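# Report on the structure
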Amino acid sequence: GCGICIKKCPFDAIDIVSLPEELEHPTHRYGKNGFALYGLPVPVEGKVTGILGANGIGKSTAIKILSGQLRPNLGNFDSEVAWEEILKRYTGTELFDYLQTVSKKSIKIATKPQYIDFIPKVFSGTVAALLKTTDERGRLGGIIPLLKLDAILDHDIATLSGGELQRVAIAACLARDADLYFLDEITPFLDIYQRIAAAKLIRDLAAERPVVIVEHDLAILDMLADTVHVGYGKPAVFGIITRPKGVRVGINQYLEGFLAEENVRFRDTQVVFEKRAHEKGSNREDLFLIPAMTKKYDMFQLTAGGGTVRAGEVLGVVGANGMGKSTFAKLLAGVETPTTGSVETTLKISYKPQYIKADTSDTVEMYLRQCTNKFDSSMYQHEIIEALTLNPILQSPVDSLSGGELQRVAIAGCLSRDADLYILDEPSAHLDVEQRVRITRMIKRHAEGKEVGIMVIDHDIYVIDMISERILVFDGEPGVQGTASGPFPMREGMNRFLHELDVTFRRDQSGRPRINKPDSFLDREQKSLGEYYYYS
Ligand code: ADP
Ligand code: ADP
Ligand code: MG
């Protein structure tokens with residue numbers, strides 16, 4: 001047998017009603033009690049293949065198999081399996097031709113890894129010097145302006161912001177000459193404009209070469225991928241990768257938590273979007289008046305002030321990169337002082353920065369105990385520890401965590417502190433889709449339950465849509481000046497923000513927002529009506 005018989009699933013993570021034949025045995029299994037992967041994504045010439053699902057369900061393992069770095073063992077972890085046997089297993093499937101190629105020749109793969117913070121540790125020099133080593137197809141000249149890297153070509157890699165480093169890493173991957181391209185998350189720290197630009201470039205590449213991507217920003221995945229494979233299971237224990245689904249259907253099934261073809265429910269709640277913006281929370285009381293203030297740096301000036309945050313509400317904060325959103329958060333948190341004006345309040349403010357430093361070898365539990373004296377209460381265990389799935393890492397040193405784990409710990413730390421106003425700067429970065437859905441729920445519950453105000457700066461439109469009651473909009477000129485306006489009701493705020501970006505969204509039958517193709521009929525119609533996001 002294959003060890004874990006997933007038909008009689010010993011884990012209550014998912015409710016498997018019936019199991020397709022080809023999933024009775026794993027594709028690969030790491031050792032006796034090791035992780036087991038079922039199914040594989042199918043790379044297709046001329047297409048972008050997306051993988052959608054939680055971290056730890058075997059995406060990287062699948063890519064290692066597709067790139068020939070790992071020969072699948074079909075669950076026989078104690079013996080080498082011959083290619084002949086592997087190919088026999090895949091006879092008559094979409095993967096047969098592809099795997100036959102892998103068995104015969106070496107596949108060259110170009111990868112954009114999920115975590116990029118190691119890049120400055122392994123490369124020293126300028127952006128231009130790094131990119132030059134990757135220009136294997138002579139396409140770099142076209143990629144650089146589209147990712148707006150011209151202005152930072154002379155910058156030292158060590159000095160780049162997260163968003164700049166992300167764009168350099170994407171450019172480096174796309175410039176290579178490979179048989180297969182794998183991009184593991186392109187969006188962390190990019191604004192929507194940059195996300196769309198990167199997505200377009202990847203689509204251009206896919207016209208010539210097969211591309212596989214993992215992406216947790218579903219609005220971007222939707223415009224980027226042609227097909228998606230949903231990955232589900234129990235992270236670190238086993239993962240099942242479905243057969244390919246059309247991107248619209250695949251994302252809708254994922255949000256619904258139910259895979260129709262497979263007859264599997266993997267989540268008991270579903271994610272729904274509102275087609276019309278409601279005026280919510282009008283009976284909430286004002287909590288905090290945003291003080292009039294400015295902050296001047298050498299090259300940049302921020303202006304903010306006016307408007308209130310209400311008790312019990314989550315206020316979304318949107319705007320392109322370089323508009324001063326993080327600076328604004330730092331001023332409120334007292335990390336920076338304003339050039340004019342001041343933040344005078346008796347309210348306690350708890351803040352999670354955009355870039356999180358893991359500068360302690362304390363365990364996660366030790367760290368959280370410093371943030372709260374309620375750690376042992378069942379409410380804390382339920383609402384923070386369980387909601388963020390922190391149990392498996394409570395005894396891990398903070399400085400050993402992955403980016404996604406660190407993000408969850410930082411969110412927990414911020415919400416653990418006793419405060420009146422909470423500010424979370426880009427909490428979705430490095431979280432998988434499942435975790436985004438969960439933090440959205442827990443942040444809303446925290447605001448309402450404790451009657452506190454929570455400001456969430458984020459670029460994931462679905463997160464902003466799910467989480468916000470109203471939004472604060474930053475506009476201006478990136479890197480030069482930025483102004484915070486609002487808070488606005490959702491409709492007005494989204495129109496203002498998306499007008500600035502020149503992006504419109506339509507709705508599919510389920511109500512899910514989808515990015516319109518620029519200059520398509522709907523794009524032009526919605527722009528002329530001034531309805532960028534909601535229909536009246
Ligand atoms: P994902 O990319 O979806 O996050 P991975 O494929 O990296 O998932 O990992 C899935 C699981 O397989 C993890 O629990 C990981 O610890 C385990 N795993 C990955 N590589 C190995 C290996 N070489 N030996 C044993 N276990 C591994
Ligand atoms: P956002 O969060 O909207 O991307 P930031 O507040 O991080 O924007 O940055 C706004 C601008 O201010 C950027 O051009 C950035 O380079 C500049 N900036 C931020 N912090 C400093 C600083 N400490 N010194 C000088 N310039 C800064
Ligand atoms: Mg920022």
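Located above this text is the structure these notes cover.
Attention in this report is confined to the structure presented alongside it. (Residues numbered from 1 in each chain as written. Chains lettered and ligands numbered in written order. Predicted model: local features only at pLDDT ≥ 70, side-chain atom pairs only at ≥ 80, totals over all residues. Heavy atoms only, no water.)

## A closer look at the sheet that holds strand E17 (residues 314–318)
- Spatially, eight strands are ordered E14-E15-E22-E21-E17-E20-E19-E18 in an open sheet, and the strand pairing comes out mixed. Lying at the two open borders of the sheet, with one neighbouring strand each, are strand E14 (293–296) and strand E18 (349–352). Pairwise comparison of adjacent strand axes, ignoring direction, gives a mean angle of 15° for this sheet.
- Examined bridge by bridge, strand E15 (residues 301–304) and strand E22 (residues 481–489) share three bridges and lie parallel to one another. Bridge pairing links Thr-303 to Thr-483 in E22.
- Here helix H15 (residues 433–450) sits on the sheet and contacts E17, strand E19 (421–425) and strand E20 (453–457); the angle it forms with E20, its principal contact strand, is near 155°.
- In this fold helix H17 (residues 490–501) packs onto E17, strand E21 (470–477) and E22, with an angle of close to 20° to the strand it touches most, E21. (Pairing = 2+ DSSP bridges. Helix = DSSP H or I, 4+ residues; strand = E, 2+ residues; numbered from the N terminus. Axes fitted to C-alpha atoms, helices over the stretch in contact; angles between N-to-C directions. Contact = heavy atoms within 4.5 Å.)

## Quick word on the coordination of the magnesium ion (ligand 3)
- Binding of the magnesium ion (ligand 3) to the protein goes through Ser-326 (OG) and Gln-354 (OE1), at separations of 2.1 to 2.3 Å. Pair noted here: Ser-326 is in helix H11 (residues 325–333) and Gln-354 is in the loop between E18 and helix H12 (364–371), with a separation of 28 residues, a long-range link.
- A relative accessible area of 16% means that Ser-326 is categorised as buried.
- Residue Gln-354 is classed as buried on the basis of its relative accessible area of 11%. (Donors = N, O, S within 2.8 Å, 3.2 Å for Na, K, Ca; no water. Buried < 20%, exposed > 50% of the residue type's maximum accessible area, 1.4 Å probe, protein only.)

## With respect to the pairing of E15
- Only one face of E15 is covered, namely the one carrying Leu-302 and Ala-304; the face carrying Gln-301 and Thr-303 has none of its residues buried.
- Examined bridge by bridge, E14 and E15 share four bridges and lie antiparallel to one another. Bridge pairing links Thr-294 to Thr-303 in E15.
- Connecting E14 to the next strand, E15, in antiparallel fashion are four residues.

## What about the side chain of Arg-436?
- Locating Arg-436 in the fold gives a position in helix H15.
- For Arg-436, a relative accessible area of 3% gives the class buried.
- In this structure the side chain of Arg-436 is engaged in a polar contact, spanning 3.2 Å, whose partner is the backbone oxygen of Ser-428. (Polar contact = N/O pair within 3.5 Å; in protein donor to acceptor, adjacent residues only side chain to side chain.)

## Looking at the site of ligand 2
- Lining the immediate environment of ligand 2, one finds Tyr-297, Phe-300, Ala-320, Asn-321, Gly-322, Met-323, Gly-324, Lys-325, Ser-326, Thr-327 and Gly-479.
- Residue Gly-322 places a main-chain N or O atom 2.7 Å away from an oxygen atom belonging to ligand 2. (Near = heavy atom within 4 Å.)

## Examining the nonpolar core
- If you look at the biggest cluster of nonpolar residues, it comprises 83 residues, and the most contacted ones within it are Leu-131, Val-168, Leu-183, Val-211 and Phe-497.
- Per-element accounting of this core gives the leading share, nine residues, to helix H7 (residues 162–175).
- Those residues in contact with Phe-497 that sit more than four places away from it in its chain are Ile-192, Val-318, Gly-319, Ile-461 and Val-473. (Core = buried A, V, L, I, M, F, W, Y, C linked by side-chain atoms within 4.5 Å.)

## Concerning the side chain of Ser-416
- Within the secondary structure layout, Ser-416 lies in helix H14 (residues 403–416).
- Judged by relative accessible area, Ser-416 falls into the buried class, the value being 10%.

## Quick notes on the environment of Cys-173
- Summarising the element assignment, Cys-173 is placed in helix H7.
- Residue classification places Cys-173 among the buried positions, given a relative accessible area of 2%.
- It is 5.6 Å that separates the C-alpha atoms of Cys-173 and Ala-110, two residues lying 63 residues apart in sequence.
- Excluding anything up to four places from it in sequence, Cys-173 contacts Ala-110, Thr-111, Lys-112, Tyr-181, Phe-182 and Leu-183.

## Concerning the site of ligand 1
- In the region of ligand 1, the neighbouring residues are Tyr-30, Phe-35, Asn-55, Gly-56, Ile-57, Gly-58, Lys-59, Ser-60, Thr-61 and Ala-236.
- The separation between an oxygen atom of ligand 1 and a polar main-chain atom of Lys-59 is 2.8 Å.
- Summarising the interface, the protein chains cover 61% of the accessible area of ligand 1, which totals 570 Å² for the free molecule.
- For the shell around ligand 1, the residue count by class is four nonpolar, five polar and one charged. (Areas by Shrake-Rupley, 256 points an atom, 1.4 Å probe, with all protein chains shown as cover. Nonpolar A, V, L, I, M, F, W, Y, C, P; charged D, E, K, R; others polar.)

## A short note on helix H3 (residues 96–104)
- Turning to H3, its buried residues number three or more, namely Tyr-98, Leu-99 and Val-102. Within H3, the buried residues cover an arc of 90° as seen down the axis, which keeps them to one side. Along H3, the residues that are exposed and aim more than 90 degrees away from the buried face are Asp-97 and Lys-104. (Arc of directions from axis to C-beta.)

## Overview of the environment of Leu-201
- Looking at the secondary structure, you find Leu-201 in helix H8 (residues 192–206).
- Separated by 31 residues in sequence, Leu-201 and Ile-170 place their C-alpha atoms 9.6 Å apart.

## With respect to helix H1 (residues 59–66)
- Of all eight residues in H1, six are buried; the element is thus mostly enclosed.
- For H1, the complete set of buried residues consists of Lys-59, Thr-61, Ala-62, Ile-63, Ile-65 and Leu-66.
- Gly-68 occupies a position one or two residues after H1 and carries a positive phi of about 80°.

## Quick word on the pairing of E20
- Extensive coverage of E20 is indicated by the burial of five of its five residues.
- Burial along E20 is two-sided: Gly-453, Met-455 and Ile-457 facing one way and Ile-454 and Val-456 facing the other are all buried.
- Examined bridge by bridge, E17 and E20 share four bridges and lie parallel to one another. Along E20, the bridge assignment pairs Val-314 with Ile-454.
- Strand direction decides the pairing type here: E19 and E20, joined by five bridges, are parallel. Note on E20: the bridge partner recorded for Tyr-422 is Ile-454.
- Viewed along the sheet, the connection from E19 through H15 into E20 turns out right-handed. (Right-handed = clockwise from strand over helix to strand, strands pointing away.)

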